[in-house]
Amino acid sequence: MQAHCEADGTRASAPTGFEAGFGPGFGRRTFATGLALSVLALAACAPRAKPPVAPVAPPPPVEKPVEVKPGETHRIAILVPLTGANAPVGISLANAASLALVDTNKQGVRLSSYDTAALGAAGAANRAIADGAQLILGPLLSADAAAIKAAAASKGITVLSFSNDAAIAGGNLFVLGFQPAQSVGRVVDYAASRGAKKFAGLVPDGVYGQRASVAFTRAVAQNSGQVVALTNFARTPAALPAAARKVTDFDARQKAATATTPTTRPDGTVAPASRATPPIAFEALLVADSGAIAAAFSPHLAKFGAAPGSYLLMGTELWNTEPGLGKSPALKGAVFAAVPDQRFQSMSRRYQARFGGTPSRLASLSYDSMLLAISAAGAQWQLGQIFPQAVLADQQGFAGVDGIFRFKGNIAERGLEVQQVTPQGFSTVSPAPTAF
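**Student:** Looking at this structure, how should I read the side chain of R414?
**Tutor:** Assignment of secondary structure puts R414 in strand β20 (residues 411–414). One buried charged residue, R414, forms no salt bridge at all, with the nearest opposite charge on D402 at 4.3 Å. One polar contact links the side chain of R414 to the main-chain carbonyl oxygen of L176, over a distance of 2.7 Å. Dropping the residues within four chain positions of it, R414 is found in contact with L176, F178, Q182, V339, L365, D402, I404, F405 and F436.

Written as structure tokens, this is what we have:
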């Protein structure tokens, strides 16, 4: 049976997970963020015997939920791993959702947290539904989201998943996770606007690489560019040299090298004949992987004629979670597209003040999904009813910690900015749009 953390820190048997309750109230849909901290909200709890190793300090005890009658509160469930290997991220997600309630001081909303690691995704969803959940936030993993989709649909309950797997989107399940295809498309658009016409790509084996490849070729075509090389690679150090050799077309360039004739220098000595290898064919290169992998590619690319600075290096949204990339000379001037960071940094400071430690970068997903739910509570979302899915059809979109977003085909479409790697960190070279 799931453990419930009481305000005094003792453990009591309870089937509902961890809850934060608030009295009745109503507010018009808005994403303005306040700083009201008068109510102690949800803090995810781990079993006392084996507390998870998390990037945040153990949250404070959770106050006992305010007693409310059925139908007097909107009930939201968040399904995340609170124990096990993914507990650090799950705890950040749960705490960030709680922080959204505190920041807005929204009344009439109750948030309950369910541990997908302890209960299993389906078990957590069934328990949340039995407890009266009217909206589900999460799960984190794609397989978990797929596992609960049917159970939630049978009750008409909307699921706002934190996964980035676009393949599971549809019906009652919406995908909030950052999409590599959107990041790739945005950075290619930027490179094309800077004059790049010939593109090359290095993409990892696997689903992520496949989707990045499709997005890359499509974005280049939409910009009337040309993909001159697209190479897959295994994510091992031993595989990088061969991939660099292939994407630079080194062997063919060597065969096309022209020999020079011996020449006499002004001092009378003779310069020996040499072979001039044609330059690389691309002007911009996408490495659809982490910044660390891109940096590891650099010496191999240079060996085969693609020295840093001779092309525009492009990355993906993954780079946004690697603040130390500016320390790598190989990445100086490289660009990538991601959600804006300014509001996340502000949220992170409030998170640290309340819970201690630094939240996962994914914590913004639960914070923004909670803001979206709060904005609908009362006007579009009536008490005693399930969350109205029609709210998500608004094509003007929503504004949150990660900037503007809206749902197209049940997938969050986001306004992304382009950032450049500098020795001081990341610098915005193309701001995110403020409206769709």
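**Student:** What's the story with the pattern of salt bridges in this structure? I'm lost.
**Tutor:** Two side chains of opposite charge can pair, provided their charged atoms sit close to one another. A full pass over the atoms with the stated rule returns 7 salt bridges. Measuring nitrogen to oxygen at the nearest pair gives 2.6 Å for the salt bridge that ties R235 to D289. Separated by 54 residues along the polypeptide, R235 in the loop between β10 (226–233) and α7 (240–247) and D289 in the loop between β15 (284–287) and α9 (291–303) bring together distant segments of the chain. The buried category is assigned to D289, whose relative accessible area is 3%. In this structure, R406 engages E413 in a salt bridge whose closest nitrogen and oxygen atoms are separated by 2.9 Å. Taking the relative accessible area as the measure of exposure, R406 reaches 15% and is therefore buried. Salt bridges sharing partners connect three or more residues here, namely D341, R361 and D402.

**Student:** It is not clear to me how the packing of aromatic side chains should be interpreted in this structure. Could you clarify?
**Tutor:** The geometry of two aromatic rings is summed up by the distance between their centres and the angle between their planes. This model, assessed by the stated rule, comprises 11 aromatic pairs. Both rings, one in F199 and one in F216, keep their centres 6.4 Å apart while their planes meet at 75 degrees; by these two values the pair is edge-to-face. Highlighted residues: F199 in strand β9 (residues 198–204) and F216 in helix α6 (residues 207–222), separated in sequence by 17 residues. What makes F216 buried here is its relative accessible area of 0%. Taking 5.6 Å as the distance between ring centres and 40 degrees as the angle between the ring planes, the aromatic pair formed by F398 and F405 counts as tilted. Classification of F398 as buried rests on a relative accessible area of 3%. For F405, a relative accessible area of 0% gives the class buried. Among the aromatic residues, those joined into a cluster by ring pairs are F174, F398, F405 and F407.

**Student:** Mind showing me how you'd approach the packing of helix α1 (residues 87–104) against helix α10 (residues 342–355) here?
**Tutor:** For any two helices packed against each other, one specifies the crossing angle of their axes together with the interaxial distance. Where α1 contacts α10, the axes come no closer than 10 Å and their chain directions differ by 100 degrees. Looking at the two axes, α1 sits roughly perpendicular to α10. Between α1 and α10, the residues in contact are I91, S92, N95, A96, S98, L99, V102 and D103 and M347, R350, Y351, R354 and F355, respectively. Considered class by class, the residues forming the contact of α1 with α10 number 7 nonpolar, 3 polar and 3 charged.

**Student:** For this particular structure, what's the right way to read the pairing of β15?
**Tutor:** Consecutive side chains of a regular strand alternate in pointing toward one face of the sheet and then the other. Burial of the side chains of β15 extends over both faces: A284 and L286 are buried on one face and L285 and V287 on the other. In this structure, β9 lies alongside β15, joined through 4 bridges in parallel fashion. By the bridge assignment for β15, L202 is matched with V287. Note: β15 against strand β16 (residues 312–314), 3 bridges, orientation parallel. Bridging from a neighbouring strand, A284 pairs with L312 of β16.

Conventions used here
- The numbering scheme is per chain: residues are counted from 1 as the chain's sequence reads.
- This being a predicted model, a pLDDT of at least 70 is required before a residue's local features are given, and a value of 80 or more before pairs of side-chain atoms are given or counted; all residues contribute to the totals for chains, interfaces and linings.
- Hydrogens are left out, water is left out, and the side-chain values use all remaining heavy atoms of the structure.
- Strands here are runs of E lasting at least two residues and helices are runs of H or I lasting at least four, both read from the DSSP assignment and numbered beginning at the N terminus.
- Each residue is assigned to one of three classes by its accessible area relative to the maximum for its type, calculated with a 1.4 Å probe on protein chains only: buried under 20%, partly exposed between the two thresholds, exposed over 50%.
- Charge counting treats Lys and Arg as positive and Asp and Glu as negative, with His and both chain ends excluded.
- Criterion for a salt bridge: a side-chain nitrogen of Lys or Arg within 4 Å of a carboxyl oxygen of Asp or Glu.
- By the criterion applied in these results, polar contacts are pairs of N or O atoms within 3.5 Å in which, for protein atoms, one can donate a hydrogen and the other can accept it, and in which residues neighboring in sequence qualify only through two side-chain atoms.
- Residue contacts are counted whenever heavy atoms from the two residues lie within 4.5 Å of one another.
- Stacked, tilted and edge-to-face pairs are distinguished by plane angle, under 30 degrees for stacked and over 60 for edge-to-face with tilted covering the rest, among Phe, Tyr and Trp rings (Trp via its six-membered ring) whose centres lie within 6.5 Å.
- For helices, the axis comes from a line fit to the C-alpha atoms of the stretch in contact; other axes are also lines fit to C-alpha atoms, and the angle between any two N-to-C directions lies between 0 and 180 degrees.
- Oblique is the label for any angle not under 35 degrees, not over 145, and not in the 65 to 115 range, which are roughly parallel, roughly antiparallel and roughly perpendicular in turn.
- Residues are grouped as follows: Ala, Val, Leu, Ile, Met, Phe, Trp, Tyr, Cys and Pro are nonpolar; Asp, Glu, Lys and Arg are charged; every other residue, Gly included, is polar.
- Two strands pair under a simple rule: DSSP has to find at least two bridges between them.

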